[in-house]
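Summary of structural features
Chain by chain, the residues run as shown.
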Amino acid sequence: MPLSVVILAAGQGRRMNSDLPKVLQPLAGAPLLRHVVDAARRLEPASIHVVHGHGAERVRAALPDPDLDWVLQAEQRGTGHAVLQALPRVPAGHRLLVLYGDVPLVGDETLRRLADDEGAALRILTVVLDAPRGYGRILRDPAGRVRGIVEERDATAEQRALCEVNTGLLSAPAERLGAWLAQVRADNAQGEYYLTDVVALAAAGGEAVAAVVAQSPVEVMGVNDKIQLAEAEAALRRQRARALMEAGATLADPARIDLRGEVRVGRDVQIDVNVVFEGQVTLGDRVSIGPNCLLRDVSVGANTRVYANSVLEEAIVGADCRVGPFARLRPGAHLRDQVHVGNFVEVKNSELGEGSKANHLTYLGDARVGREVNVGAGTITCNYDGQNKWPTEIGDRAFIGSGAMLVAPVRVGAEATIGAGSTVTANAPAGQLTLTRAKQISVESWRRPDKATPDAKAARIADALGSPREPGKK
Ligand code: UD1
Ligand code: CA
């Protein structure tokens, strides 16, 4: 039977106390719903239907995937009601897998077992908990067959001692599910149509119900409030940190790393504490990342060391480079191999050729820097005239003295030297020394002034700036 998936995502999530719809709350940098949609897609179903309602437009805008079928549930009357809204859109003869937009960590293997088409028509996902308080308990007969679900408030003491509970996720042939749902009544405390009631209806009708037991409580965790959101974040962090370590990375502390994107590592990569990864990050063999760094959409070549407190965004860093401490690589920064970028150096939309160095207090924006160039401390490419951005070109093996202002557009030729403190407004020829500063003089007759008396001081100020005014008077 072909498989279709419906994801329930219409609820407001009152317990979040947030203006953001619950399914858009961020987990590892992506909306909760994104995790569920991606998990659904890995099953390669024929169609994915998302039932949405609260914050409908925002939810749709946050997941612009063209292949999702959006079903509007204008009034949220319960999980059973939500599935009913989607059923007319599910192609005839399909098996339907129901996922919750707020249960984001279900594993692929578990979903595959739940969506399985062999055996019982109705398959429910259960989990064994040490402290099953608040959940419906799974009732089985002596042969182990599921007989029903008993809600905690209706359970006997003996039933309450059962540790296998209902997660709410299930799968069944769409038509059968529709028939059971048509019988569900909203005669409960919340006045809602509960999807979970189909289990009792199926069992009462003599239908075999298969219980698929989740591998861990973590994968069926529902995220209803900020505390559970933080718990899910920690669980996902542990999972992703484990995967990195399995790939060979050494983490100073797997609890102090944030993996909000996809990180690929070579061999013997070292990552210190409090490093945040976002987007797509690739770290080559033996790369080391110091403490407190942020890397977003970055690739780093083999043997490169990124030192403490550096921020790298949309940048490409070659092999054998040194970056930081306190370096900032902004979008379009491209460091070739063996480049050094040191403390308080900002690089934006600029390329630094092999072996070039900018070690201290520098801004390089819209610059093409050749090979083995030395950029002295405090150098600034003045790339912005208030209206336009202009490029700077620096040739191979040029030496830029400290404190140089390179007023773009401007070119410094190969092997040129710029004297410290120069403001360069015209091209500096290759191979020559270019200086733009005033000649140094020494004044032999100069003496330090004597300390002025208060009266003398007041007189001098009045002389220079006009007579002192009384406050409030013009
Ligand atoms: C639900 C289950 C409960 C299970 C728990 C596990 C029911 C009745 N209860 O409870 O047995 O233990 O999940 O996490 O199913 N939604 C809609 N439309 C609605 C109502 C809800 O789309 O009218 C969506 C919500 O956005 C959410 C999901 O369905 O993504 C679950 O709803 P929620 O209100 O969180 O149910 P729980 O009380 O957690
Ligand atoms: Ca929930």
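Residue indices follow the written sequence of each chain, beginning from 1 at its first position. By the order in which they are written, chains take letters starting at A while ligands take numbers starting at 1. Side-chain atom pairs in this predicted model are given and counted only at pLDDT of 80 or more, local residue features only at pLDDT of at least 70, and totals for whole chains, interfaces and linings cover all residues. Values shown for side chains rest on all heavy atoms present in the structure; no hydrogens or waters enter the calculation.

1. Structural notes on the coordination of the calcium ion (ligand 2)
Note on the calcium ion (ligand 2): its protein donors are D102 (OD) and N224 (OD1). The metal-donor distances range over 2.3 to 2.4 Å. Residue D102 is found in the loop between β6 (95–100) and α4 (108–115), and its partner N224 is found in the loop between β11 (209–213) and α8 (226–246); the two are separated by 122 residues along the sequence. Under the scheme applied here, a residue whose accessible area is under 20% of the maximum for its type counts as buried, over 50% as exposed, and between as partly exposed, the area being computed with a 1.4 Å probe on protein chains only. For N224, a relative accessible area of 16% puts it in the buried group. Donor atoms are limited to N, O and S found within 2.8 Å of the metal ion, a distance that becomes 3.2 Å for Na, K and Ca. With water left out, some sites might look partial. Counting from the N terminus, the helices are the DSSP runs of H or I reaching at least four residues and the strands are the DSSP runs of E reaching at least two.

2. Description of the site of ligand 1
Any residue with at least one heavy atom within 4 Å of a molecule or strand is counted as near it. Contacts to ligand 1 come from 22 residues, most closely from A10, G11, Q73, G78 and T79. L8 is positioned with one of its backbone polar atoms (N or O) 3.0 Å from an oxygen atom of ligand 1. Here Y100 contributes a side-chain N or O atom positioned 2.9 Å from an oxygen atom of ligand 1. Under the convention used here, a 1.4 Å probe and the Shrake-Rupley method define accessible areas, while residue burial counts only the protein chains that appear. Across the complex, the protein chains shield 83% of the 770 Å² of accessible surface that ligand 1 would expose by itself. A cavity here means a set of points on a 1 Å grid, drawn over the protein atoms and nothing else, where a 1.4 Å probe fits but cannot get out; a pocket is an open set with protein on both sides within 12 Å along at least five of seven lines, and a residue lines either one if it has an atom within 4 Å of a point. Placement in a cavity or pocket follows one criterion, namely that more than half of the molecule's atoms lie within 2 Å of its grid points. The pocket occupied by ligand 1, as judged from atoms lying within 2 Å of grid points, is the largest pocket. Following the grouping adopted for this structure description, the nonpolar residues are Ala, Val, Leu, Ile, Met, Phe, Trp, Tyr, Cys and Pro, the charged ones are Asp, Glu, Lys and Arg, and the polar ones are all others, Gly among them. Class assignment for the residues of the shell around ligand 1 results in 8 nonpolar, 10 polar and 4 charged. Contacts described as polar in this section are N or O atom pairs within 3.5 Å, which, within protein, must combine one atom able to donate a hydrogen with one able to accept it, while residues neighboring in sequence count only if both atoms come from side chains.

3. Quick look at a nonpolar patch on the surface
A surface patch of nonpolar side chains, about 320 Å² in accessible area, is lined by F326, F344 and L361. For L361, the position within the fold is in strand β26 (residues 357–365). Patch members must show over 30% relative accessible area and no salt bridge, and they are joined within 9 Å when carrying like charges or within 5 Å when they are nonpolar side chains of Val, Leu, Ile, Met, Phe, Trp or Tyr. Between Lys or Arg on one side and Asp or Glu on the other, a salt bridge is scored when a side-chain nitrogen of the former is within 4 Å of a carboxyl oxygen of the latter.

4. Comments concerning the nonpolar core
Only buried residues count toward a nonpolar core, which is a set of Ala, Val, Leu, Ile, Met, Phe, Trp, Tyr and Cys residues joined through side-chain atoms within 4.5 Å. With 63 residues, the main nonpolar core has L33, L122 and L177 as its most contacted residues. Contacts are residue-level and defined by heavy atoms, with any inter-residue pair within 4.5 Å sufficient. Filtering out sequence-adjacent residues up to four positions away, L33 remains in contact with I7, A9, V23, V50, V59, L63, W70 and G101. Counting residues in each nonpolar core, the second largest holds 52 residues, with A249, V339, L364 and I394 among its members.

5. Considerations on the packing of aromatic side chains
Aromatic rings from Phe, Tyr and Trp, taking only the six-membered ring of Trp, are treated as a pair when their centres fall within 6.5 Å; an angle between ring planes under 30 degrees marks them as stacked, one over 60 as edge-to-face, and anything in between as tilted. A full pass over the atoms with the stated rule returns 1 aromatic pair. Aromatic side chains F326 and F344 sit 5.2 Å apart centroid to centroid with 20° between the ring planes, which places their arrangement in the stacked category. One end of the pair, F326, is in the loop between β21 (322–323) and β22 (328–329); the other, F344, is in strand β24 (residues 340–348), and 18 residues separate them in sequence. Cation over ring: K389 sits above Y384, and NZ or CZ is 5.3 Å from the ring centre. By definition here, charges over rings are those cases where NZ of Lys or CZ of Arg is within 6 Å of the ring centre and within 35 degrees of the ring normal.

6. A closer look at the pattern of salt bridges
Applying the stated rule across the entire model yields 24 salt bridges. Salt-bridge contacts for R34 lead to D65; the nearest nitrogen and oxygen are separated by 2.8 Å. Of this pair, R34 sits in helix α1 (residues 32–41) while D65 sits in the loop between α2 (56–62) and β5 (68–72), placing them 31 residues apart in sequence. For D65, a relative accessible area of 12% translates into the label buried.

7. Re empty space enclosed by the protein
Grid points are joined across faces, edges and corners, and a volume is the space filled by probe spheres set on the points. Using the criterion set out here, one finds 2 cavities of 30 Å³ or more in the structure. A28, E233, L236, R237, R240, I257, D258 and L259 are the residues that line the second largest cavity. Elements that contribute at least two residues to the lining of the second largest cavity include exactly α8 and β13 (257–259). For the lining of the second largest cavity, a count of residues per class yields 4 nonpolar, no polar and 4 charged.

8. Some remarks on the domain arrangement of the protein
Boundaries between domains were set according to an automatic or database domain assignment. Segmenting the protein into domains produces domain 1 (3–220) and domain 2 (236–434). Here domain 1 and domain 2 have C-alpha centroids that lie 48 Å from each other. Contact with domain 1, which involves 5 residues of that partner, is made by 4 residues of domain 2. For the domain 1 and domain 2 pair, buried surface summed over both sides reaches about 380 Å², with 66% attributable to carbon and sulfur atoms. On inspection of domain 1 and its partner domain 2, the count reaches 0 salt bridges. When two parts are brought into contact, each loses some accessible area as probed by a 1.4 Å sphere; the total of that loss over both is the buried area.

9. What to know about unusual backbone geometry
Of note, the bond from G324 into P325 is cis; its omega dihedral lies within 30 degrees of zero at 0°. Tracing the backbone shows P325 in the loop between β21 and β22. P409 follows A408 through a cis peptide bond whose omega is 0°. Mapped onto the elements, P409 comes out in the loop between β32 (405–407) and β33 (410–412). One non-glycine residue, A28, lies in the positive phi region at around 50°. Accessibility expressed as a relative area gives 4% for A28, which makes it buried. Phi is positive for D366, which is not a glycine, with a value near 55°. The topology assignment puts D366 in the loop between β26 and β27 (367–369).

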